[in-house]
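# Architecture at a glance
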Amino acid sequence: MKNRLVIAFMVAVSAAFGSVAYAGDALINPCVSVNAETVKQFRQNTATLKEQLAAKDLELRNEYGYDGINMRRVDELEGEIRAIKEKIKGVARNLNIEPGSCYQL
């Protein structure tokens, strides 16, 4: 009986701290102000990369759709996708845009 009370107390305390931590994260604004011209330049500079990324993603999806998956081709496509994503992140860094956050104009 005593062990159950201790466990119940620990669960309640953990839930209380977890909810406080969650509420604290909600108060932090992850969005960064970005100039509209910078966003326009980013879109122009990454247009072909985005097209390449979409094409490689489609190829990868098709590869997964086959009965006999060619894992060598899948690995190759996934590597190419990673490389394209890194190029896009590089363009963002060059324009002082932090990848992965939301943007406010």
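Residues numbered from 1 in each chain as written. Predicted model: local features only at pLDDT ≥ 70, side-chain atom pairs only at ≥ 80, totals over all residues. Heavy atoms only, no water.

We now examine the side chain of Thr46. For Thr46, the position within the fold is in helix H2 (residues 36-65). Ignoring anything within four residues of it in the chain, the contact list for Thr46 reads Ile88 and Val91. (Helix = DSSP H or I, 4+ residues; strand = E, 2+ residues; numbered from the N terminus. Contact = heavy atoms within 4.5 Å.)

Across soluble globular proteins, you tend to see nonpolar side chains buried next to one another. With ten residues, the main nonpolar core is built from Val34, Val39, Phe42, Leu49, Ile84, Ile88, Val91, Ala92, Leu95 and Ile97. Of all elements in the fold, only H2 and helix H3 (71-94) reach the threshold of two or more residues within this core. Setting aside residues no more than four positions away along its own chain, Ile84 makes contact with Leu49, Gln52, Leu53 and Lys56. (Core = buried A, V, L, I, M, F, W, Y, C linked by side-chain atoms within 4.5 Å. Buried < 20%, exposed > 50% of the residue type's maximum accessible area, 1.4 Å probe, protein only.)

Relative to the helices and strands, Glu63 is located in helix H2. Although buried, Glu63 forms no salt bridge, and the nearest oppositely charged side chain, Arg73, lies 4.7 Å from it. Filtering out sequence-adjacent residues up to four positions away, Glu63 remains in contact with Ile69, Asn70, Arg73, Val74 and Leu77. (Lys, Arg positive; Asp, Glu negative; His and termini not counted. Salt bridge = Lys/Arg side-chain N within 4 Å of Asp/Glu carboxyl O.)

Their axes nearest at 9 Å, the elements H2 and H3 cross at an angle of 165 degrees. Relative to H3, the element H2 is oriented roughly antiparallel. For the pair H2 and H3, the crossing hand works out as left-handed. For the contact of H2 with H3, a count of residues per class yields twelve nonpolar, three polar and ten charged. (Axes fitted to C-alpha atoms, helices over the stretch in contact; angles between N-to-C directions. Parallel < 35°, antiparallel > 145°, perpendicular 65-115°, else oblique. Left-handed = near helix turned anticlockwise from the far one by under 90°. Nonpolar A, V, L, I, M, F, W, Y, C, P; charged D, E, K, R; others polar.)

Attention shifts here to the environment of Ile97. With respect to the helices, strands and loops of the structure, Ile97 is situated in the loop between H3 and strand S2 (103-104). Look at Ile97 and you get buried, because its relative accessible area is 7%. For Ile97 and Val34, which are 63 residues apart along the polypeptide, the C-alpha to C-alpha distance reads 7.6 Å.

Bringing the confidence of the model for the chain into the picture now. Averaged over all residues, the pLDDT of the chain equals 78, while 63% of them reach at least 70. Mean pLDDT across the elements of the chain bottoms out in helix H1 (residues 2-26) (52) and peaks in H3 (94). Low pLDDT, under 50, characterises residues 19-26; the predicted model gives this stretch zero contacts beyond four residues in sequence or across chains. (pLDDT = per-residue confidence, 0-100.)

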